[in-house]
Amino acid sequence: MGKQTGTIVQQALHILSADPAILPTIKGNSREQIFQSIGAILSTPNKTHKAYLRITLDNGNVVRIPAYRIQHNDAIGPYKGGIRFHESVNEDEVSNLAALMTLKNALHDVPFGGGKGGVVINPRQYSERELNLICKKYVQYFTDILGPDKDIPAPDMGTGEREMDWMTAEYKTIHPGKPYLGSFTGKSIVSGGSLGRREATGKGVYFTFKYMLESYIRSNLSTLETYNNPYLPIAKSYLNRPLTIAIQGFGNVGAVIAQEAFRDQSVQHTVVAVSDRNVTLYNEQGLPIDKLLQYSADHAGELPTTAEACVAYHIEAQIQDREAVLYQAVDVLFLAALEEQIHENNVEQVKAKWIVEGANAPITGEADDVLAANNVIVIPDILANAGGVIVSYFEWLQGKDTQFYSEEHVYELLYEKMQKTLDQVFPLFFSQTHQLRQSCYNHAVMKLSQVLYRQGKLY
Ligand code: NAD
């Protein structure tokens, strides 16, 4: 488990062990021992699998490619988590991401445990045939530990529905006559994927922000005012007025957040800045997100980087460097690109008073502490970006039943599930003095503690 995650989990255990309402039948010294045992279980994966995939390249050379599947915890259900194709993949990173999946699924009551996979390659350096072979070999080497009721991978960085379709096909070939649709999620629609899966994370991120501000705080204001929470004055100053928004990242997650904010009819928020790997685009009056989406669709997901390209699509925007998005004087900043974007060296330049994490771990632990000291509200990844895994769960259910839902029904179920979690953690956040990230971890660790205890895993 990574340092930042480990510290928050340890803090959660400390808080929970001091609360007599959690595992109330355990008292005295045994209480300390039990919470130590939970810490030991959560800080290490159940199993680490490593293989060297043997691949014959197009030029005839045979190479061995390191690949991982790490199964962190399955107390709540089969292991679940993506497979990342990236040259920086290593055991520690995969292990940390697997632990995060255990916590995220527990937080949102998704009946899965946590797992993660990785292959140490830069996928852009391999041909389509080679990538197909790598996917097939991954399933062959790890076949004994994968399956709809054992461990269900999904896409992650460097993989998408194409890779999931290839892997599902290989699983089907190896297990003839067995159910296979639930073996991988994030598949294409024709191969048994779920409608709405691609948009689910971005929609869930925007929903989390909107629900907190426009529903939860507004409806519970008089109760929240009795708590003296230092973040409440900022939240109150944001109520009942249009807000300015900046979004880092314009991919699957960021572009959907932009679209949701742009089309939101209830309050006329203005998206003034968006960015991608090349550029930040800024317009004080609001960017024409519909035209940017069209541009991006016509240009392999990229934003325009020149004045001429903007003019061709009737886009009025100032062109700034890609980091500029982080430092705009906006009300809300959505982070939907990469990890570690706000760190100790740039955190003081961030002006937004509300930050929502669409990406995983876009704020370092050090920067998080500075933001907390500056009373910036951070809606953390574990809470906001779970839409993908929640709809993966719906995909798994649909695959098992071979009954498929409409897109509208998928979103209805997604919002219902997320709202249930939000209604559980927001009161914890506003009534206590922790950051929202800590409240979420406390809640997830509390659920895992109860399950581990009831299953007799703490003796
Ligand atoms: P994506 O590849 O579709 O988009 C990433 C975006 O970030 C692109 O616009 C890219 O140009 C931009 N980007 C890349 N490098 C950048 C840089 N150095 N500075 C600024 N922008 C940069 O990825 P995605 O699926 O939208 O995922 C975004 C983040 O959200 C990732 O961290 C991912 O792990 C996380 N996430 C995604 C999902 C999902 O369902 N897609 C679920 C949970 C978490």
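Before reading further, recall that the structure is shown in the block above.
Chemist: Please give an account of the packing of aromatic side chains that cites residues and values.
Modeler: Counted under the stated rule, the structure contains 17 aromatic pairs. Geometrically, the ring pair formed by Y138 and F142 is edge-to-face, given 4.7 Å between the ring centres and 65° between the ring planes. Classification of Y138 by relative accessible area gives buried; the value is 0%. Its relative accessible area of 4% is what places F142 among the buried residues. Ring centres 6.2 Å apart and planes at 15° place the aromatic pair Y216 and F430 in the stacked group. Remark: F430 occurs in helix α15 (residues 407-431) and Y216 occurs in helix α6 (residues 197-219); sequence separation between them is 214 residues. Take F430: its relative accessible area is 1%, and that puts it in the buried class. Taken together, the aromatic side chains of Y206, F209, Y238, F334 and W354 make up a single cluster linked through ring pairs. One Lys or Arg, K172, reaches over the ring of Y180 and ends 5.2 Å from the middle of that ring. Across from the ring centre of Y411, 4.5 Å away, lies the NZ or CZ of K203, which sits over that ring.

Chemist: Any chance you could break down a negative patch on the surface for me, citing the residues and the numbers?
Modeler: Together, E339, E340, E344, E366 and D369 line one region of the surface with negative charge. Looking at the element boundaries, E340 is found in the loop between β10 (332-335) and β11 (354-357).

Chemist: Please provide a residue-by-residue account of the sheet that holds β10, values included.
Modeler: Pairing is mixed in the open sheet, where seven strands are placed in the order β9-β8-β7-β6-β10-β11-β12. The open sheet has two edge strands with one neighbour each: β9 (318-320) and β12 (377-379). When strand polarity is set aside, the average angle formed by the axes of neighbouring strands in this sheet is 20°. Sheet topology note: the strand β7 (residues 270-275)/strand β8 (residues 280-282) ladder contains three bridges and is antiparallel.

Chemist: How would you summarise unusual backbone geometry if you had to cite specific residues and measurements?
Modeler: The general pattern is negative phi for most residues beyond glycine and trans for most peptide bonds. Positive phi, close to 55°, is recorded for D109, a residue that is not glycine. When you line up the elements, D109 lands in the loop between α3 (91-107) and β4 (114-119). Judged by its relative accessible area of 35%, D109 falls in the partly exposed class. For T402, which is not a glycine, the phi torsion comes out positive at approximately 45°. Assignment of secondary structure puts T402 in the loop between α14 (387-401) and α15.

The rules behind each value
Residues numbered from 1 in each chain as written. Predicted model: local features only at pLDDT ≥ 70, side-chain atom pairs only at ≥ 80, totals over all residues. Heavy atoms only, no water. Phe/Tyr/Trp six-rings, centres within 6.5 Å; stacked < 30°, edge-to-face > 60°. Buried < 20%, exposed > 50% of the residue type's maximum accessible area, 1.4 Å probe, protein only. Helix = DSSP H or I, 4+ residues; strand = E, 2+ residues; numbered from the N terminus. Lys NZ or Arg CZ within 6 Å of the ring centre and 35° of its normal. Patch = residues over 30% accessible without salt bridge, like charges linked within 9 Å, V, L, I, M, F, W, Y side chains within 5 Å. Areas by Shrake-Rupley, 256 points an atom, 1.4 Å probe, with all protein chains shown as cover. Salt bridge = Lys/Arg side-chain N within 4 Å of Asp/Glu carboxyl O. Lys, Arg positive; Asp, Glu negative; His and termini not counted. Charge placed at Lys NZ, Arg CZ, Asp CG, Glu CD. Pairing = 2+ DSSP bridges. Axes fitted to C-alpha atoms, helices over the stretch in contact; angles between N-to-C directions.

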